[in-house]
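# Coordinate analysis (summary)
Spelled out from the first residue to the last, the chains are:
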Amino acid sequence: MHPRLLKTFLAVARTRNVTRAAGELNLAQSSVSDQIQALEAELGATLFIRSRQGLDLTPAGEALQPYAEEFLALADDARTAIDATACRSARSRRSLRQNFPAGSPISRPFIPTSTSG
């Protein structure tokens, strides 16, 4: 399941309307419909039924909703953790460069001399 499909699913579940979900996601209505159909095909289950009030979740949609929310939250947490690691790594590299000024013996490449005898 692609996160994009789950975001679309949650937007439709929240708004109960494909057009409003499309506006919220900055997508064409047909793209939202296509994504929901793709997710339903992948899962082999109908996720929404039409009612007078809009779209309602089926039992399969109700079962998917908390998992979709948790999956997307975990994906955000993973991105945050990776970004924090990348920031620490960049700070560490900057710190190493600052500790060894240009021209110092440690900043020059080591070229071994031959000891032929």
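This write-up is about the structure you can find in this document.

Thresholds, definitions, all that
- Residues numbered from 1 in each chain as written.
- Predicted model: local features only at pLDDT ≥ 70, side-chain atom pairs only at ≥ 80, totals over all residues.
- Heavy atoms only, no water.
- Helix = DSSP H or I, 4+ residues; strand = E, 2+ residues; numbered from the N terminus.
- Buried < 20%, exposed > 50% of the residue type's maximum accessible area, 1.4 Å probe, protein only.
- Contact = heavy atoms within 4.5 Å.
- Areas by Shrake-Rupley, 256 points an atom, 1.4 Å probe, with all protein chains shown as cover.
- Arc of directions from axis to C-beta.
- Polar contact = N/O pair within 3.5 Å; in protein donor to acceptor, adjacent residues only side chain to side chain.
- Pairing = 2+ DSSP bridges.

### What about the overall build of the chain?
Across its full length, the chain carries four helices and two strands. The order of helices and strands in the chain, counted from the N terminus, is α-α-α-β-β-α. Per-residue burial over the chain gives 25% buried out of 117 residues. A sequence separation of at least 24 residues applies to 49% of the contacts in the chain between residues at least 6 apart. A total of about 8400 Å² of accessible surface is found on the chain, and carbon and sulfur atoms cover 56% of it.

### Overview of the environment of Thr19
Along the chain, Thr19 turns up in helix H2 (residues 18–25). For Thr19, a relative accessible area of 46% puts it in the partly exposed group. In the structure, Thr19 is positioned 11 residues away from Ser30 in sequence and 9.0 Å away in space, judged by C-alpha atoms.

### Regarding H2
Buried within H2 are the following residues: Val18, Ala21 and Ala22. Taken down its axis, H2 places every buried residue within 100° of arc, on the same side. Tucked into the core, H2 has its buried residues touching helix H1 (3–15), helix H3 (29–43) and strand E2 (54–57). Where H2 begins, one side-chain oxygen reaches toward the backbone nitrogen of Thr19, 2.8 Å away; that side chain belongs to Asn17. Asn26, located one to two residues past H2, shows a positive phi value of around 55°.

### Structural notes on the pairing of E2
Direction of pairing for strand E1 (residues 48–51) relative to E2: antiparallel, over a ladder of four bridges. Pairing of Ser51 across the sheet is with Gly54, part of E2. Here E1 hands over to E2 after two residues, the two strands then running antiparallel side by side.

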